[in-house]
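# Observations on the three-dimensional arrangement
As a plain string of letters, each chain reads:
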Amino acid sequence: MPKQGDFAAWEARLSISHDRWRRQEPNYKRWIDWYKGEQDETVANYGAGERITVNLVYSNVKILMPRISFRRPKVFVRPRRPDRQGDTIPLADSARAVEAVVNYYVEDLRIKRQMDRALLDALITPFGCVRIGYTVESEWVQDKELLELNEFIKSESPYVVRWSPMDVRWDPEVRHREEARWMAFRSVADLADVKRNPKYGGAKDLRPNLTVDLEKQGASMSLWNPADRMLIDAVQGEFERLEKWEIWDRKTHRMMVYVPGHDRFIFDDEWPFDLDGFPAEFLEFNEVPDESMGIADTSTYAAQQIELNKLSSAELQHVKRFNRKYLYQENYFDSESIDQVERGEDGTMAPVKGDPREAIFPIPDAPMSFDHRLVKEDVKQQAREIFGVTLFDLGSRENVQTATEAAYIQAPSAARSDDRRSQFEDFWRRVVPKFAAVIRQFKTGEEYIPVLGADAASLDLFLKFDAAQIPEDVEKEFLFEIEMGSTEPLNDAVRQQKMTGLFQLLNGDMMVDQRELRRRLLESYGERDERLLLTDQQVSEQQQVVAEQQARAAAAEAAAQPPAPAPANGGGADMMSMLGQGMG
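Each value, and the rule that gives it
- Residues numbered from 1 in each chain as written.
- Predicted model: local features only at pLDDT ≥ 70, side-chain atom pairs only at ≥ 80, totals over all residues.
- Heavy atoms only, no water.
- Helix = DSSP H or I, 4+ residues; strand = E, 2+ residues; numbered from the N terminus.
- Buried < 20%, exposed > 50% of the residue type's maximum accessible area, 1.4 Å probe, protein only.
- Contact = heavy atoms within 4.5 Å.
- Areas by Shrake-Rupley, 256 points an atom, 1.4 Å probe, with all protein chains shown as cover.
- Pairing = 2+ DSSP bridges.
- Axes fitted to C-alpha atoms, helices over the stretch in contact; angles between N-to-C directions.
- Expected span 1.5 Å × (residues − 1).
- Core = buried A, V, L, I, M, F, W, Y, C linked by side-chain atoms within 4.5 Å.
- Salt bridge = Lys/Arg side-chain N within 4 Å of Asp/Glu carboxyl O.
- Phe/Tyr/Trp six-rings, centres within 6.5 Å; stacked < 30°, edge-to-face > 60°.

### Some remarks on the overall build of the protein chain
A count of helices and strands for the protein chain gives 18 helices and 17 strands. Across the 584 residues of the protein chain, 36% fall into the buried class. Within the protein chain, contacts between residues at least 6 apart in sequence are counted, and of these 69% link residues at least 24 apart. Accessible surface for the protein chain amounts to roughly 35000 Å². Of this, 51% is attributable to carbon and sulfur atoms.

Given below as structure tokens:
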């Protein structure tokens, strides 16, 4: 157990980091609210029925998300060096095994969904974050009850999960996050589950430091109703929660669990994972020099978002408050005529005493200035330029004359998208080696891993995976590459067209597995019943039958042909004799 002074020092470090985050927290919550369309604060001076928001945050994010991450990526692993004499583990075979097992878990654990959630965080707020780890059975299940309620975290399995930026702290003294000595991650758990978890020692005397407010959570109960009050008091213990912080110290390789309000760590031991860095990775699109936290995309066009909402609300207010008003001369109308004008239907005629042109006058309403619309379009254009989208991206038409001009207009937007896409690929490239290292550390014994994709045929659908055949330092021995795939939607028609063209190109090629080629062609058309394809034995038998039929046909054809006539007077022999003499 740490000394009391050590505990107090870590408590102070975490408190300083909390203070720094509190300066960022209002903006973080604000950008999330804006994404959800909750932007009434920007038009607070307008009436409730006259407020309108043009949600640029949502539209911009939804444009970029599919451009950056559309399909499940493919992980490629290759050794950093060739096999050497004396190596106990063949690196080429080992790399192939790591590649197969990582791609399997990426699919099985739906890791892309977690990475996409971190991407969403990074597009709205300053950064996104994922945690990498492994859950052992004793920490996941106790007395046949789940201690970890997360469908993405399984017992005896590695995991990659999105972690809320609000629940991450790091060393506030550094200029870059990579230089941080320590990092902390917040989580909230049921108090009873924490006490039952064998991982935490000294947790028996813990008290809840966070309580779920049933009324704020929308429970249809009233504190003033005696029956409801008794029910709330009876079940309140079921909603006692414990806020805790995992502190990872890179300097000493200690991992401590701090509980606010408790006088000591409930866990203090060596890092459970054999990683050089923290068990987390970050995605950040807008770094700031000499600061460990960047800025959010949303903040760069926040002023334009506010002004656009105000301009749109002003238009709505003008339209809603405008109604037709008239002045009339009393001596031109009697009460019946006025009633007919006010209440009459379309085409109503009313008598007038005198010239009708002098009897009634419409009150002109001040129209909105045309500059208002120009300013509104200019604000929209500013927001698009800041975020890096064009009218083409929004599905609108730019005023261009040629395709070349359109390409020039689209080029900056494509460059911005490619830059974010490249950063997202690098994010994957940093997560995958840590994920593979966790698999290497905790997966013991042999097991069979289903192989996905093109490798399935050559590996007989399953790979016999043994972590003992993987080098200890996975990150140093292997290079990890990520192929994100095309960002264009691959619908059925496009898939069939591509596969048909590939089939025509490779059909009959001796270097290509023809059965697999045909299987994929059928699959592109939605036909997955492999009984349509002959087995290798059936193909061999069919080829033998065809060969026999061809031989019989050739023999029959030869028998049906008349014999060639013999040359007269032995002309053939004379010719051969003459040729022989000529050669002599």
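### Some remarks on the side chain of Asp-116
Among the structural elements, Asp-116 can be located in helix H4 (residues 111–124). A relative accessible area of 16% means that Asp-116 is categorised as buried. Leaving out residues up to four positions away in the same chain, Asp-116 has contacts with Met-65, Ser-69 and Phe-424.

### With respect to the sheet that holds strand E2 (residues 128–135)
Taken together, the three strands give an open sheet; going across it, the order is E5-E2-E12, and neighbouring strands pair in antiparallel fashion. Each having just a single partner strand, strand E5 (157–162) and strand E12 (280–283) make up the two edges of the open sheet. Across this sheet, the average inter-strand angle for adjacent strands is 20°, counted without regard to direction. Packed onto the sheet, H4 meets E2, E5 and E12 and runs at close to 25° relative to E5.

### Re helix H3 (residues 91–108)
Here H3 is 18 residues long and its end C-alpha atoms lie 25 Å apart, about the 26 Å a rise of 1.5 Å per residue gives. One or two residues past the end of H3 sits Arg-110, with phi positive at roughly 50°.

### Some thoughts on the nonpolar core
One finds Val-102, Met-115, Phe-424, Trp-428, Phe-435, Phe-478 and Phe-480 to be the most contacted residues of the largest nonpolar core, which totals 92 residues. Discounting residues that sit within four places of it in the chain, Trp-428 has contacts with Pro-73, Val-106, Ile-111, Lys-112, Met-115, Pro-433, Ile-482 and Met-484. In this structure, Phe-7, Trp-182, Ala-184 and Ile-247 belong to the second largest nonpolar core, which totals ten residues.

### Re the pattern of salt bridges
One side chain can pair with another of opposite charge once the charged atoms of both are near each other. Per the stated rule, a full pass over the model turns up 34 salt bridges. Salt bridges here are not isolated pairs; linked through shared partners, they connect Glu-281, Asp-426, Arg-429, Arg-430 and Lys-434.

### Brief notes about the packing of aromatic side chains
Centre-to-centre distance and the angle between the planes together describe a pair of aromatic rings. What the rule picks out here adds up to 19 aromatic pairs. Plain terms: the ring middles of Phe-7 and Phe-265 are 5.0 Å apart, the flat faces sit at 65° to each other, and that makes the pair edge-to-face. One end of the pair, Phe-7, is in helix H1 (residues 4–35); the other, Phe-265, is in the loop between strand E10 (254–258) and strand E11 (267–270), with 258 residues separating them in the sequence. Since its relative accessible area comes to 5%, Phe-7 is described here as buried. Under the relative-accessibility criterion, Phe-265 is labelled buried at 1%. Here Phe-424 and Phe-427 contribute two aromatic rings whose centre-to-centre distance is 6.2 Å and whose plane-to-plane angle is 40°, an arrangement assigned as tilted. Placement of both Phe-424 and Phe-427 in helix H12 (residues 403–442) is noted, with a separation of three residues, approximately one turn of the helix.

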